[in-house]
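# Descriptive analysis of the structure
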Amino acid sequence: MLRIVLAEDSVLLREGLIGLLERFGHQVVAGAGSADELTEAVTAHAPDIVVTDVRMPPGFTDEGLRAAVALREARPQLPVLVLSQYVQRAYAEELLDSCDGRGVGYLLKERVGNVEEFVDALQRVADGGTVVDPEVVRQLLRHRRDPLSRLTAREQEVLALMAEGRSNASVAEALTVSEGTVSKHFGSILTKLDLSLTDATNRRVLAVLAYLRG
Amino acid sequence: MSSLTLRQALRRRRYLLGGRPWRAALYLLSSVPIGAALLASVVLLAVVGSALTLVLVGVLLLLMLALIGIPVAAVERRRLRLIDPVPLGDPHRAPARTGLTAWLRTRLREQATWREFGYVLLFAFVLWPLEGLVVGAVLAVCGGLLATPVVMATVTGGEEVRVMKLWLADSYPQAFALALLGLVLLPLFAYPLGWAAAARAALTRTLLSAGPGGLDSRLEELGRSRMRLVDAFEAERRRIERDLHDGAQQRLVALSMTLGLARLEAPAEPLGSLLAKAHEEAGVALVEIRELIRGIHPQVLTDRGLAAAVEDIADRSAVPVDVDFGIPGRFPQAVETAVYFAVCEALANVAKHSGASRAQVTGRTDGEQLTVEVRDDGSGGAGTAGGSGLQGVADRISVVGGRLLISSPPGGPTVFRLDVPRSPAHLVE
């Protein structure tokens, strides 16, 4: 069970998310309607993870994101999952740059519709993993098209899934290939991108993301 | 009334047939009471105002004297329409704020106010006696001659009439001959009368029209009003974006979440597959509304400024785009928005028409000027003709005081360049 602080200014969504998270056995210890409330709630409740919207009152720009980055600067171990309504490389990069990108997630808000995947991503972030929305990964890949053009289409798919923080088994399942094949693709990707091979999935993701961010 | 001015009409043969000679006479004649009243008012205001300067009332009277030209000029512009169909515009500027003080300040600083005051002085002391003389002479001569038989019949009892103290008529045939002379002289006098009125109208037009300074202020006002229009348009875009974001989009997310939860309950067929289908549809709608909202107004432009927003469009472009946009800091919102949508249009053209394999966006500031260039290695031939989107871009850039330059020879390459002042002078901040 995770103790969660949830920041979302739309009451409709906040209530919906609370219901959803409780359905999976988690506890929302505080719901915040603004960036300031979020900061206060985190201080008061010391949650296991923070879930926040990007656009929040009072300014309705990127207050939620800025609050999340500030919170991570104060407590580097605090996992944060940011929900965004935009595919925005600039926001994702800022978040991933905060405290080496461990225990952060940047997901499009609409992913909460796939409830199981969403709750799974939440758990991975809470465990210190890195989760980036596939749409954003696609943009990151496009942004750095030169070195990545050396990858085959299949390898790019594998890389995108890997950037989502998935394990080899999970990638294999998603692409309906064997785990061995995925390992082979990983090796080839890392060679092509001049990255050394390590066995911790998370480190690999971080390395790849660091590389993608240039 | 035809659209000819009196001066043009005077040169035509049909001048005498229309109402113009009468209008000319009326124009000159009506000057007399107005001029006389003005003379009285000016003298009265000046004398009483000066005498009472020590009391506040005197100062107020002198202020009224200084501003007397404004209502008089308004009347004169209307009176001019009697003989000159081309309307004379009001050279005064609208005060920046409402209220009497702002109005007074604007008026007293305007050249037009003082020109109008000068016109009043000229009118009161010089013009109206002259006009009275001209029209009076014509009326006296023609009217006197024409009226001879009537005068003879009514006043002198048919014996004799002295016409203009020159001729003595002592019989009706003589009287009618003099009346006939008057009738002949009437059209002849109509010409000098017309020319006098035309000259007076020309003088009025010169003194009361907007001077070169007035034209400048009108252009400036025009620029401001275009800017206000664009601002209003932008505000509306942001309102629509906000409404969609806070309304429809949130509800769709909630709907998708509810459908997702419902699917977890794993109901029996066919409900399960229907739920899956509905869930999928909601997902597609979410993607569409996300793209729609981004097209209306990209949030990243508001949050992170031009450089981040340009990188964002480059990321999405179908043709690979290199961005070199090393400009720190923010620009006025109107500039950022205009440049952003210009770059969007340029990159859309690159993708659609150029056949380019690569494009480049560069941004630089040179002191007070922002220069953004979009280059591609395509086949060229782009232009602003034919109501293309580029014409819209050029218009929009010109509102913020900038220019769009396109070099696109057949065979390429195309260079699309924007020069925009960092802080346009007429921006209403």
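Further up the page is the structure itself.
Since this is a predicted model, take the numbers as computed values, not measurements.

What counts as what
Residues numbered from 1 in each chain as written. Chains lettered and ligands numbered in written order. Predicted model: local features only at pLDDT ≥ 70, side-chain atom pairs only at ≥ 80, totals over all residues. Heavy atoms only, no water. Helix = DSSP H or I, 4+ residues; strand = E, 2+ residues; numbered from the N terminus. Buried < 20%, exposed > 50% of the residue type's maximum accessible area, 1.4 Å probe, protein only. Contact = heavy atoms within 4.5 Å. Areas by Shrake-Rupley, 256 points an atom, 1.4 Å probe, with all protein chains shown as cover. Core = buried A, V, L, I, M, F, W, Y, C linked by side-chain atoms within 4.5 Å. Buried area = accessible area lost by both parts, 1.4 Å probe. Salt bridge = Lys/Arg side-chain N within 4 Å of Asp/Glu carboxyl O. Polar contact = N/O pair within 3.5 Å; in protein donor to acceptor, adjacent residues only side chain to side chain. Nonpolar A, V, L, I, M, F, W, Y, C, P; charged D, E, K, R; others polar. Phe/Tyr/Trp six-rings, centres within 6.5 Å; stacked < 30°, edge-to-face > 60°. Lys NZ or Arg CZ within 6 Å of the ring centre and 35° of its normal. Axes fitted to C-alpha atoms, helices over the stretch in contact; angles between N-to-C directions. Parallel < 35°, antiparallel > 145°, perpendicular 65-115°, else oblique. 1 Å grid on protein atoms, 1.4 Å probe; cavity = no way out; pocket = protein on both sides within 12 Å on 5 of 7 lines; lining within 4 Å. Points joined across faces, edges and corners; volume = space filled by probe spheres on them. Arc of directions from axis to C-beta. Pairing = 2+ DSSP bridges.

## Re the overall build of chain B
When helices and strands are tallied, chain B shows 13 helices and seven strands. In chain B, buried positions account for 42% of the 429 residues. Of the contacts formed within chain B by residues at least 6 apart in sequence, a portion of 68% connects residues at least 24 apart. Counting only carbon and sulfur atoms, one obtains 64% of the accessible surface of chain B, whose full area is about 22,300 Å².

## Some remarks on the nonpolar core
Ranked by internal contacts, the top residues of the largest apolar core, which has 78 residues, are Leu38 of chain A together with Leu306, Val339, Val343, Val361, Phe416 and Leu418 of chain B. Broken down by element, this core gets its largest block of residues, 12 residues, from helix α12 (residues 333-354) of chain B. Core analysis: the second largest hydrophobic core is formed by 34 residues, Leu6, Leu45, Leu65 and Leu80 of chain B among them.

## Comments concerning the interface of chain A and chain B
Counting from both sides, the interface comprises 37 residues of chain A and, opposite them, 33 residues of chain B. Across the chain A/chain B interface, buried area totals approximately 3,000 Å², and carbon plus sulfur atoms make up 49% of it. For the pair chain A and chain B, the number of links is five salt bridges. Counting across the interface, chain A meets chain B through 15 residue pairs in polar contact (both at pLDDT 80 or more). Of all elements in the fold, only α1 (11-23), α3 (63-74), α4 (89-96), α5 (115-126), α6 (134-143) and α7 (145-148) of chain A reach the threshold of two or more residues within the side of chain A that touches chain B. Ranked by residue count, the leading element in the side of chain A that touches chain B is α1 of chain A, at six residues. Residue classes in the side of chain A that touches chain B are distributed as 14 nonpolar, nine polar and 14 charged.

## As for the packing of aromatic side chains
All names here are of chain B. If you walk through the whole model with that rule in mind, you get four aromatic pairs over all chains. Consider the rings of tyrosine 119 and phenylalanine 123, whose centres lie 5.8 Å apart with planes at 55 degrees: the pair is tilted. Taken together, the residues tyrosine 119 and phenylalanine 123, both in helix α6 (residues 111-154) and four residues apart, mark about one turn of the helix. Of the two residues, tyrosine 119 and phenylalanine 123, both sit in the buried class. Its guanidinium or amino end placed over the ring of phenylalanine 341, arginine 237 lies 4.4 Å from that ring's centre, counting from NZ or CZ.

## Considerations on the packing of helix α9 (residues 168-175) of chain A against helix α10 (residues 179-192) of chain A
Residues and elements named next belong to chain A. Packing of α9 against α10 leaves a shortest axis separation of 8 Å and a crossing angle of 110 degrees. When the axes of α9 and α10 are compared, the pair comes out roughly perpendicular. The segment α9 lies against α10, with Asn168, Ala169, Val171 and Ala172 engaging Glu179, Val182, Ser183 and Phe186. For the contact of α9 with α10, the residue count by class is five nonpolar, two polar and one charged.

## Some details on empty space enclosed by the protein
Taken as a whole, this structure holds one cavity of 30 Å³ or more when the rule is applied. Here the largest cavity defines a volume of roughly 40 Å³. Forming the boundary of the largest cavity are Gln85, Tyr86 and Val87 of chain A together with Arg290, Glu291, Arg294 and Arg316 of chain B. Of all the elements, helix α9 (residues 271-296) of chain B adds the most residues to the lining of the largest cavity, at three residues. Partitioned by chemical class, the residues of the lining of the largest cavity number two nonpolar, one polar and four charged.

## A few points about helix α2 (residues 35-45) of chain A
Residue and element names in this part refer to chain A. Within α2, burial applies to Ala35, Leu38, Ala41 and Val42. End-on view of α2: buried residues confined to an arc of 115 degrees, all on one side of the axis. Facing away from the buried side of α2, by more than 90 degrees, are the exposed residues Asp36, Glu40, Thr43 and Ala44. Buried residues along α2 sit against β1 (3-7), β2 (27-32), β3 (49-53) and α3.

## Considerations on the sheet that holds strand β6 (residues 130-132) of chain A
All names here are of chain A. Ordered by their spatial adjacency, six strands build an open sheet running β2-β1-β3-β4-β5-β6, and the pairing between neighbours is parallel. Looking at which strands have only one partner, the edges of the open sheet turn out to be β2 and β6. For this sheet the average axis-to-axis angle between neighbouring strands, irrespective of direction, equals 20 degrees. Where β1 meets β3, four bridges bridge the pair, whose relative direction is parallel. When the bridges of β3 are listed, isoleucine 4 appears paired with isoleucine 49.

## Points about the pairing of strand β7 (residues 414-421) of chain B
Residue and element names in this part refer to chain B. Of all eight residues making up β7, six are buried, and the element is well covered by its neighbours. Across eight bridges, strand β5 (residues 369-376) lies against β7 in antiparallel orientation. Looking across to β7, one finds that valine 372 is bridged to leucine 418. Where strand β6 (residues 403-407) meets β7, five bridges bridge the pair, whose relative direction is antiparallel. Bridge assignment links arginine 403 to a residue of β7, and that residue is aspartate 419. In textbook terms, the turn of a hairpin is the stretch between consecutive antiparallel strands, and for β6 and β7 this stretch comprises six residues, one of which, glycine 411, has a positive phi near 95 degrees.

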